[in-house]
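Results of the structural survey
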Amino acid sequence: MKFVAFERAKQGTGASRRLRNAGKVPGIVYGGEGEPQLIELDHNALWQAIKKEAFHSSVLDMELAGKSSQVLLRDLQIHPYKQQVLHVDFQRVSAKQKIHMKVPLHYSGEEESQAVKFDKCLVNHVATELEVSCLPADLPEAINVDLSKLEKGATLTLKDIQLPKGVEAVLHGHSAETPCWSPWCCLLARKLPKAKPPLPTLLPRPSPNKPTTRSRLAAPAPAGRKAAGASRRPAPRGPFHRRAAPR
């Protein structure tokens, strides 16, 4: 992918705020044989580019001051609730030096596998990306994982994935046969439990001689007794009422 960047002379909080108000994104490019350089990009063009998966996991061609250079996206700061990119970092790459990059995993053939089609299993994708080391020319946009031969209870590990030519996985001290609980596991097929039918609700049969709770509550109060909840306050007295003198 190719994008255009412009040189930026001013730096600081105030200058970056004015750039964002003008529809620009402040950034920086570093690494390689050159010195770190301040840049700015068009916000709308960058916002549409970051929606593509290849922009995050492939070598990009940056055009700056009439010159083209290969860079990688290293950091991206986005506003917490606005659709706005606050800052972006790029790293220059050399054609003869290996780079470390996280590449997404693309799963396919899941519906055609025996575990899903016949055994009614659920395939759990534990890992969605893999860190690899390779030259910039050999960096793939994604790694395809075929699940068409997956069986019930099987676990796919890193040794079951065929990496492209010139690409090596970065293990960080782990083994290619790491079990499914580690970050290198990709899949775990497990059986879906069958849904149990709901139990019928049994209601007690009312007795013909004994009234139900609702009928007892609705029955009128017996004569000579105040109904439940009746007010016990004394009757109001008139303005000319006088109390009897004590004896």
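Residues numbered from 1 in each chain as written. Predicted model: local features only at pLDDT ≥ 70, side-chain atom pairs only at ≥ 80, totals over all residues. Heavy atoms only, no water.

**Considering the confidence of the model for the protein**
Should pLDDT be low for a region, the predicted coordinates there are not to be read in detail. Of all residues in the protein, 70% attain a pLDDT of 70 or more, and the chain-wide mean is 78. Mean pLDDT per element in the protein: strand E13 (residues 187-191) is the minimum at 40, and strand E6 (residues 85-92) is the maximum at 94. (pLDDT = per-residue confidence, 0-100. Helix = DSSP H or I, 4+ residues; strand = E, 2+ residues; numbered from the N terminus.)

**Some words on the packing of aromatic side chains**
Here the structure, examined in full by the defined rule, presents two aromatic pairs. A centroid spacing of 6.2 Å and a plane angle of 65° characterise the contact between Phe3 and Phe55, whose relative ring orientation is edge-to-face. Of the two residues, Phe3 is situated in strand E1 (residues 2-7) and Phe55 in helix H3 (residues 54-57); the sequence distance between them amounts to 52 residues. Here the two residues Phe3 and Phe55 agree in accessibility, since each one is buried. (Phe/Tyr/Trp six-rings, centres within 6.5 Å; stacked < 30°, edge-to-face > 60°. Buried < 20%, exposed > 50% of the residue type's maximum accessible area, 1.4 Å probe, protein only.)

**Here we look at the side chain of Glu40**
Topologically, Glu40 is positioned in strand E3 (residues 37-42). Buried charge without a salt bridge: Glu40, with Lys24 as the nearest opposite-charge side chain at an N-O distance of 4.9 Å. In contact with Glu40, not counting residues within four places along its chain, are Ala5, Phe6, Glu7, Arg8, Leu19, Lys24 and Val25. (Lys, Arg positive; Asp, Glu negative; His and termini not counted. Salt bridge = Lys/Arg side-chain N within 4 Å of Asp/Glu carboxyl O. Contact = heavy atoms within 4.5 Å.)

**Details of the pattern of salt bridges**
Taken as a whole, this structure holds four salt bridges when the rule is applied. Here Glu63 and Lys2 are joined by a salt bridge, their closest N and O atoms 3.8 Å apart. Separated by 61 residues along the polypeptide, Glu63 in strand E4 (residues 60-64) and Lys2 in strand E1 bring together distant segments of the chain. Overall, Glu63 belongs to the partly exposed group, its relative accessible area being 29%. Overall, Lys2 belongs to the exposed group, its relative accessible area being 60%.

**Focus on the layout of surface pockets**
Considering only enclosed or pocket space, the largest pocket measures out at about 200 Å³ in volume. Lining the largest pocket, in full, are Met1, Lys2, Phe3, Val4, Phe6, Leu41, Asp42, Ala45, Leu46, Ala49, Lys52 and Phe55. Among the secondary structure elements, those contributing two or more residues to the lining of the largest pocket are E1, E3 and helix H2 (43-49). With four residues, the single largest contributor to the lining of the largest pocket is E1. Classifying every residue of the lining of the largest pocket by side-chain character gives nine nonpolar, no polar and three charged. (1 Å grid on protein atoms, 1.4 Å probe; cavity = no way out; pocket = protein on both sides within 12 Å on 5 of 7 lines; lining within 4 Å. Points joined across faces, edges and corners; volume = space filled by probe spheres on them. Nonpolar A, V, L, I, M, F, W, Y, C, P; charged D, E, K, R; others polar.)

**A short note on the pairing of strand E5 (residues 67-78)**
Bridge analysis of E4 against E5 gives five bridges, and the strand direction is antiparallel. In the strand pairing of E5, Leu60 is matched with Val71. Hairpin connection, E4 to E5: the antiparallel pair is bridged by two residues, and Ala65 has positive phi, about 55°. The pairing of E5 with E6 spans seven bridges and is antiparallel. Counterpart to Ile78 in the pairing with E6 is Val85. (Pairing = 2+ DSSP bridges.)

**Description of the sheet that holds E3**
The strands that make up a sheet pair up through hydrogen bonds in the backbone, lying either parallel or antiparallel. Strand order in this closed barrel of six strands is E1-E3-E2-E6-E5-E4, and the pairing throughout is mixed. Neighbour-to-neighbour, the strand axes of the sheet open up by a mean angle of 45°, direction not taken into account. Lying on the sheet, helix H1 (residues 13-21) is in contact with strand E2 (24-30), E3 and E6; it crosses E2 at an angle near 125°. (Axes fitted to C-alpha atoms, helices over the stretch in contact; angles between N-to-C directions.)

**Things to note about H1**
Of all the residues in H1, the buried ones are Ala15, Ser16 and Leu19. Relative to the axis of H1, the buried residues are bounded by an arc of 100° and lie together on one face. Exposed and oriented more than 90 degrees from the buried face of H1 are Thr13, Arg18 and Asn21. Of the surrounding secondary structure, the elements contacted by the buried residues of H1 are E2 and E3. (Arc of directions from axis to C-beta.)

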